[in-house]
Structure formats: C-alpha cells, structure tokens
Amino acid sequence: MQDTYVLTLSCQDRPGIVHAVSGFLLEQGSNIEEAAQFNDRDSGRFFMRVQFTCPGRDTDALRAAVQSWGANQGMACSLHPWHEPMRTVIFVSQQGHCLNDLLFRWKSGLLRLDIRAIISNHRDFYQLAASYNVPFHHIPVTAATKPQAEARQLDIIEQEGAELVVLARYMQILSDGMCERLRGRAINIHHSFLPSFKGAKPYHQAHERGVKLIGATAHYVTADLDEGPIIEQDVTRVDHSMTVEDLTAIGRDTESQVLARAVKWHSEHRVLLNGQRTVVFR
C-alpha cells in the first residue's frame, strides 16, 4: 500500500472535470482503483474522491504536481498517502463507552488511526489508556482555568501532529477560539434528543416522555454548539417496556457505532465539507 494515494477535490461544476482528473492521473503513471463524485446542484459545486496507485513516485513530488495542476484547474485539492494512518487525539470525560469502542476498533485494525494521546478533565480512564499504551493527559477544567487548560490541550495536539481530534463524550464546551483552531478536524458525538431533552439526565427525561426512537449524531465541531456539519446519524427503536437503564445502554451503543463510522470515514478521507453540510463518499 506504499504506492496508494487518495485525492480529494472540490470546485465549481463544469463539463469535463472527470476527464481532466483521469487524464492528469494517467500522465502521472497512476492507476485508479476507486472513484466517487457528487454534483451539488444547489451550490453548483463538484466534489470527488479518487483512490489510485502510483508506483515508484516520490510523494512530495506527486503532491507538488497535484497542487500545481489543481491551482491551474481552479480546484481545491488534497493528496493523502493511504499507508499513513491519521494521527489522532481523543478527548473524554467520565463516560467511556465511545473511547473504549474506538480503542478496540483501532487495535483490531478496523480504523486507520494512529492514536497519539488521550486528554481528559477526569482521571477515570488512565488505566484504560495505559492498557492500550496510549499517553493519558489529565487536564482539569474550571471556568477560571479554561483558557490555560485549552492552551495545554492545543499544545499536545500540535506536538503530536494530530490531524483529527475526537470528542468521545467530552463534557466540556470548547471556546470559540479553540473551535476555530480545530475547524474541519474535530468530531463530536451526542445523543439526538437535543434540543428537547437538555441537561445531565437526557435518558431519564426521554423515559418520562415515552420516546420511541433513540438516536445519535456525529458532526464537526464549530462555535455553534452541537450545530456543526453532520457526518453521520442513526436511530434505534425503543418501547414502553424498557427502563431508563435499558434506554441508556441502547443510546450509548448507538453513539459508539455512529462515532466509529464518522471517524472511519474521516480517516479514509471520505468526508468533504460543503458549507454547513458534508459530502460523504462511503
């Protein structure tokens, strides 16, 4: 897989884009293995993801060729070597279901990640992190210390060269400045009861109201709380016979699956931002 790459691009739609892309890759000595495209008629934007092999080509030289060609074509292009797992930092608080799921999938070879660190405002999961040989950083957060805490968090992210930050049930609101620094590379997960059932016990509120669907949403982090571009969602049917504990267990399982899919697609460069929406080439 050393010679395999992923090219992602977006531009204003026009005739001949696919022909131009395939012609350029042919000139580079490449062979296309997988390709997907989408024309958004609402915005007039074109999106494409191409996975290809290019044997014997220097990565830096190929990236320079892609950037030069893309600029001439009026395209926003990115080239990603397939063999390089995505450097990732995970944030967590005191609910570990999503963290545990991501770590297991990573170690099982199901996620193309290189998990470099776990950051938490509590100590609950330092042993879990140690069992996977991942550095654990305990950074308490209060209203008074939040700026300093976020500065430490950003230092760790930058030191690890993280391309992705996953908020795996991290129960702190990020500042607008931090959201901006992490734009397009931070994914959050939350239950889909919002905005109906806010607060610390949403499943208790849902049980009292007799909900029939439990869902979860994974989205990119923005300064607009829980309103960033959505990557993935899912729901599970429930009924009157289920207890609060049943609903909570089902909800946590749904959250874990939805977050894992979002992280997988992002790490495989299958998610492209389209304004307030996303294009996901599954």
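Residues numbered from 1 in each chain as written. Predicted model: local features only at pLDDT ≥ 70, side-chain atom pairs only at ≥ 80, totals over all residues. Heavy atoms only, no water.

Draft legend 1. Spotlight on the overall build of the chain. Broken down by element type, the chain carries eight helices and 13 strands. Radius of gyration (C-alpha) of the chain: 21 Å, near the 19 Å computed for a compact globule of 282 residues. Along the first, second and third principal axes, the C-alpha atoms of the chain reach 60 × 40 × 35 Å. Residue burial in the chain is summarised as follows: out of 282 residues, 48% are buried. Long-range pairs, those at least 24 residues apart, make up 67% of the contacts in the chain between residues at least 6 apart in sequence. Roughly 14000 Å² of accessible area belongs to the chain as shown, and the carbon and sulfur atoms make up 48% of that amount. Between the averaged position of the 29 positive side-chain charges in the chain and that of its 32 negative side-chain charges there is a distance of 1 Å. (Helix = DSSP H or I, 4+ residues; strand = E, 2+ residues; numbered from the N terminus. Rg over C-alpha atoms; globule rule 2.2 N^0.38 Å. Buried < 20%, exposed > 50% of the residue type's maximum accessible area, 1.4 Å probe, protein only. Contact = heavy atoms within 4.5 Å. Areas by Shrake-Rupley, 256 points an atom, 1.4 Å probe, with all protein chains shown as cover. Lys, Arg positive; Asp, Glu negative; His and termini not counted. Charge placed at Lys NZ, Arg CZ, Asp CG, Glu CD.)

Draft legend 2. Seen up close, the sheet that holds strand β1 (residues 4-12). Spatial ordering of the open sheet is given by β2-β3-β1-β4, a layout of four strands whose pairing is antiparallel. In this open sheet, the two strands that pair with only one neighbour each are β2 (31-40) and β4 (76-81). On average, each strand axis in the sheet is inclined to that of its neighbour by 10°, with strand direction left out of account. Bridge count between β2 and strand β3 (residues 45-53): nine bridges; the pairing is antiparallel. Bridge pairing in β3 places Ile 32 opposite Phe 52. With respect to the sheet, helix α1 (residues 17-27) is in contact with β1, β2 and β3, its orientation differing from that of β3 by roughly 25°. Strands in contact with helix α2 (residues 59-73) are β1, β3 and β4; relative to β4, the strand with the most contacts, it is inclined by about 165°. (Pairing = 2+ DSSP bridges. Axes fitted to C-alpha atoms, helices over the stretch in contact; angles between N-to-C directions.)

Draft legend 3. Geometry of helix α8 (residues 244-267). Relative to the 34 Å expected for 24 residues at 1.5 Å per residue, α8 spans 34 Å between its end C-alpha atoms, a close match to the ideal helical length. Count one or two residues on from α8 and you reach His 269, which has phi positive near 60°. (Expected span 1.5 Å × (residues − 1).)

Draft legend 4. Fine view of the side chain of Ser 256. Relative to the assigned elements, Ser 256 resides in helix α8. Polar contacts involving the side chain of Ser 256 include one to the main-chain carbonyl oxygen of Arg 252, which spans 3.0 Å. Filtering out sequence-adjacent residues up to four positions away, Ser 256 remains in contact with His 97, Cys 98 and Asp 101. (Polar contact = N/O pair within 3.5 Å; in protein donor to acceptor, adjacent residues only side chain to side chain.)

Draft legend 5. The arrangement of the layout of surface pockets in detail. Here the largest pocket is characterised by a volume of approximately 760 Å³. As for the largest pocket, its lining consists of 33 residues, of which Arg 169, Tyr 170, Met 171, His 190 and Asp 226 are closest to the centre. Broken down by secondary-structure element, the contributors of at least two residues to the lining of the largest pocket are α6 (176-181), β9 (186-191), α7 (202-209) and α8. Counting residues per element, the lining of the largest pocket draws most heavily on β9, which supplies four residues. (1 Å grid on protein atoms, 1.4 Å probe; cavity = no way out; pocket = protein on both sides within 12 Å on 5 of 7 lines; lining within 4 Å. Points joined across faces, edges and corners; volume = space filled by probe spheres on them.)

Draft legend 6. Expanded view of unusual backbone geometry. In this structure, Asn 133 is a non-glycine residue whose phi angle is positive, near 60°. Mapped onto the elements, Asn 133 comes out in the loop between α4 (126-131) and β7 (136-138). You will see that Arg 169, though not glycine, has its phi angle at about 65°, which is positive. Its place among the elements puts Arg 169 in the loop between β8 (164-167) and α6.

Draft legend 7. Broad picture of the sheet that holds strand β6 (residues 113-120). Spatial ordering of the open sheet is given by β7-β6-β5-β8-β9-β10-β11, a layout of seven strands whose pairing is mixed. Strands with a single pairing partner mark the edges of an open sheet, and in this sheet they are β7 and β11 (230-237). Adjacent strand axes in the sheet meet at a mean angle of 20° when their direction is disregarded. Looking at chain direction, β8 and β9 are connected through three bridges and run parallel. In the strand pairing of β9, Val 165 is matched with Ala 186. Contacting β5 (86-92), β6, β8 and β9, helix α3 (residues 97-107) runs over the sheet at an angle of about 155° to β6. Across the sheet, α8 touches β5, β6, β8, β9, β10 (213-220) and β11, and the angle it forms with β11 is around 150°.

Draft legend 8. Quick look at α3. Within α3 the residues assigned to the buried category are His 97, Cys 98, Leu 99, Asp 101, Leu 102, Leu 103 and Trp 106. Of the surrounding secondary structure, the elements contacted by the buried residues of α3 are β5, β6, α4, β8, β9 and α8. Positive backbone phi, approximately 80°, marks Gly 109, located one or two places after α3.

Draft legend 9. Region of interest: the pattern of salt bridges. The final tally for this structure, using the stated rule, is 15 salt bridges. When the shortest N-O distance is used, the salt bridge between Arg 270 and Glu 34 registers 2.8 Å. With Arg 270 in the loop between α8 and β12 (271-274) and Glu 34 in strand β2, the pair connects residues that are 236 residues apart, well separated along the chain. Given a relative accessible area of 8%, Arg 270 falls into the buried group. Residue classification places Glu 34 among the partly exposed residues on the basis of a relative accessible area of 30%. Between Arg 116 and Asp 114 there is a salt bridge, and its shortest N-O distance comes to 3.3 Å. Residue Arg 116 is classed as partly exposed on the basis of its relative accessible area of 27%. The network of salt bridges with common partners includes Glu 34, Arg 49, Lys 264, Glu 268 and Arg 270. (Salt bridge = Lys/Arg side-chain N within 4 Å of Asp/Glu carboxyl O.)

On their own, these measurements won't tell you what the molecule is for.
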